[in-house]
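Notes for the structure review
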Amino acid sequence: MYIDLPEKRYYKIGEVAKAFGLNTSHIRFWEKEFEILKPKKNNKGNRLFTQEDLKNLKLIYYLVKEKGFTLEGAKTKMKENPKNVKGNHDIIMRLETIKAELIKIKNQIS
């Protein structure tokens, strides 16, 4: 899944949810379920997601929504061989980015 968000230091939960096509409650639920999601919170308690949080969310989204893992299955997969899972996901994300850029170029030419 290619996420098109502007480069920023922090993203609000609404921005993240919209980019992923999920509800904010879904993001909060995943935050409770997965230890790797640790967004910062400001004084008001609002969640602020970093680039690293987005990477982890993309990984979770990939395993759960695209590959069809259950939440427990995704947790197990990430604990068994985290380097392999993250490495494979990084490659897929790079390919998705290249694909999106190529589609953008194709649309500009047409």
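Predicted model only: the values in this text are computed from it and were never measured. (Residues numbered from 1 in each chain as written. Predicted model: local features only at pLDDT ≥ 70, side-chain atom pairs only at ≥ 80, totals over all residues. Heavy atoms only, no water.)

1. Notes on the sheet that holds strand β1 (residues 11–12)
One open sheet holds the three strands; their spatial order is β1-β3-β2, and the pairing between them is antiparallel. Edge positions in the open sheet fall to β1 and β2 (40–41), since each of these has one partner strand only. Helix α3 (residues 51–66) rests against β1 and β3 (47–49) of the sheet, and its axis sits at about 85 degrees to β3. (Pairing = 2+ DSSP bridges. Helix = DSSP H or I, 4+ residues; strand = E, 2+ residues; numbered from the N terminus. Contact = heavy atoms within 4.5 Å. Axes fitted to C-alpha atoms, helices over the stretch in contact; angles between N-to-C directions.)

2. Examining the nonpolar core
Within the largest apolar cluster, 24 residues are counted, with the highest numbers of intra-cluster contacts made by V16, F20, I27, W30 and L57. Contributions of two or more residues to this core are made by α1 (13–20), α2 (24–33), α3 and α4 (71–80). In terms of residue count, the dominant contributor to this core is α3 (eight residues). Each residue touching I27, except ones within four places of it in the same chain, is listed here: I13, V16, A17, L22, F49 and L57. (Core = buried A, V, L, I, M, F, W, Y, C linked by side-chain atoms within 4.5 Å. Buried < 20%, exposed > 50% of the residue type's maximum accessible area, 1.4 Å probe, protein only.)

3. Let's talk about the UniProt feature "domain: HTH merR-type" (unreviewed entry) in the protein
The feature "domain: HTH merR-type" (unreviewed entry), as annotated in UniProt, sits at residues 10–80 in this numbering. Here residues 10–80 is 62% helix and 10% strand, with 30 Å between the C-alpha atoms at its ends. (UniProt positions renumbered as here; feature names shortened; annotations may be inferred.)

4. Observations regarding the packing of α2 against α4
One can describe the packing of α2 onto α4 by two numbers: an axis separation of 11 Å at closest approach and a directional angle of 50 degrees. Looking at the two axes, α2 sits oblique to α4. Seen along the crossing, α2 lies across α4 with a hand that is right-handed. Where α2 approaches α4, its residues F29, W30 and E33 are matched on the opposing element by L71, E72 and K75. For the contact of α2 with α4, the residue count by class is three nonpolar, no polar and three charged. (Parallel < 35°, antiparallel > 145°, perpendicular 65-115°, else oblique. Left-handed = near helix turned anticlockwise from the far one by under 90°. Nonpolar A, V, L, I, M, F, W, Y, C, P; charged D, E, K, R; others polar.)

5. Concerning the pattern of salt bridges
Here the structure, examined in full by the defined rule, presents five salt bridges. With a closest N to O distance of 2.8 Å, K75 and E33 form a salt bridge. Note that K75 is positioned in helix α4 and E33 in helix α2, a separation of 42 residues in sequence. In this structure K75 comes out as buried when scored by relative accessible area, which is 16%. Of the charged contacts in the structure, one is a salt bridge between K104 and E101, with a shortest N-O distance of 3.7 Å. Remark: E101 and K104 occur in helix α5 (residues 82–109); sequence separation between them is three residues, near one turn of the helix. (Salt bridge = Lys/Arg side-chain N within 4 Å of Asp/Glu carboxyl O.)

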